[in-house]
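# Notes for the structure review
For reference, the chains in residue letters:
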Amino acid sequence: MEEQAPDMQAQELAIEEERKPVVFAVRIDPVQREQIEGLRGITGQSVNDVGVEALNDWIAKTLEDETVQQKAMAELDAEERRLQERRSAIAGILGQTATAASASDEAAPPRGGGQNNRRGKAQAQSQPSRNS
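What counts and what doesn't
- Residues numbered from 1 in each chain as written.
- Predicted model: local features only at pLDDT ≥ 70, side-chain atom pairs only at ≥ 80, totals over all residues.
- Heavy atoms only, no water.
- Helix = DSSP H or I, 4+ residues; strand = E, 2+ residues; numbered from the N terminus.
- Buried < 20%, exposed > 50% of the residue type's maximum accessible area, 1.4 Å probe, protein only.
- Areas by Shrake-Rupley, 256 points an atom, 1.4 Å probe, with all protein chains shown as cover.
- 1 Å grid on protein atoms, 1.4 Å probe; cavity = no way out; pocket = protein on both sides within 12 Å on 5 of 7 lines; lining within 4 Å.
- Points joined across faces, edges and corners; volume = space filled by probe spheres on them.
- Nonpolar A, V, L, I, M, F, W, Y, C, P; charged D, E, K, R; others polar.
- Expected span 1.5 Å × (residues − 1).
- Polar contact = N/O pair within 3.5 Å; in protein donor to acceptor, adjacent residues only side chain to side chain.
- Salt bridge = Lys/Arg side-chain N within 4 Å of Asp/Glu carboxyl O.
- pLDDT = per-residue confidence, 0-100.
- Contact = heavy atoms within 4.5 Å.

Turning our attention to the overall build of the protein chain. A tally of helices and strands in the protein chain yields six helices and zero strands. Each helix (α) and strand (β) of the protein chain, taken in turn from the N terminus, gives the series α-α-α-α-α-α. Within the protein chain, the fraction of its 132 residues that count as buried is 2%. For the protein chain, the accessible surface area stands at approximately 12,600 Å², while carbon and sulfur atoms represent 54% of it.

Right, let's get into the layout of surface pockets. By volume, the largest pocket amounts to about 630 Å³. Taken together, 17 residues line the largest pocket, and the ones lying closest to its centre are F24, V47, G51, V52 and L55. Examining the composition of the lining of the largest pocket, we find that seven residues originate from one element, helix 3 (residues 47-64), more than from any other. Its residues placed into classes, the lining of the largest pocket shows 13 nonpolar, three polar and one charged.

Another point: helix 2 (residues 30-43). Taking 1.5 Å of rise per residue, 14 residues should cover 20 Å, and helix 2 covers 20 Å from first to last C-alpha, within 8% of that figure. The distance from a side-chain oxygen at the start of helix 2 to the backbone nitrogen of V31 is 2.9 Å, and the residue carrying that oxygen is D29.

Looking now at the pattern of salt bridges. Oppositely charged side chains can pair when the atoms bearing their charge come close. On inspection of all chains with the given rule, the structure shows three salt bridges. With a closest N to O distance of 2.8 Å, E37 and R33 form a salt bridge. Of the two residues, E37 and R33 both sit in helix 2, four residues apart, roughly one turn of that helix. Classification of R33 as partly exposed rests on a relative accessible area of 40%.

Chain-level pLDDT for the protein chain is 78 on average; 64% of the residues reach the 70-or-more range. Note on residues 113-127: pLDDT is under 50 here. Beyond four places in sequence and across chains, it has one contact.

A word on the environment of I36. Checked against the element boundaries, I36 lands in helix 2. For the pair I36 and G51, spaced 15 residues apart in the sequence, the C-alpha separation amounts to 9.6 Å. In this structure, I36 is in contact with I28 and V50, ignoring residues within four places of it in sequence.

Given below as structure tokens:
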């Protein structure tokens, strides 16, 4: 397990680097802007803090909405159907070779196993010398 810990730490750092904050600007009514400025002065929060809090609240509320959840699942189902139709169309274009190739890919052992590759290369190089 200790050998994996540095890899996990590197992955976590990579994720943190990928998740650097980005600018998300919104246009609001000037009256609302004045209200925000007044309230943030009282609370001591920055405009960014207020915006992040508001967006987090909206996201949480929206994710709890059953209608949104049902719509999201319907979109996932539709995407799955589109992908299956595309797979079938490509298989139809390629004929039975597409289904046979995918079956053989699933049954074949993974490539690139270190020593196996070296042996394969050595055998490939030695075979032409046998033929000559």
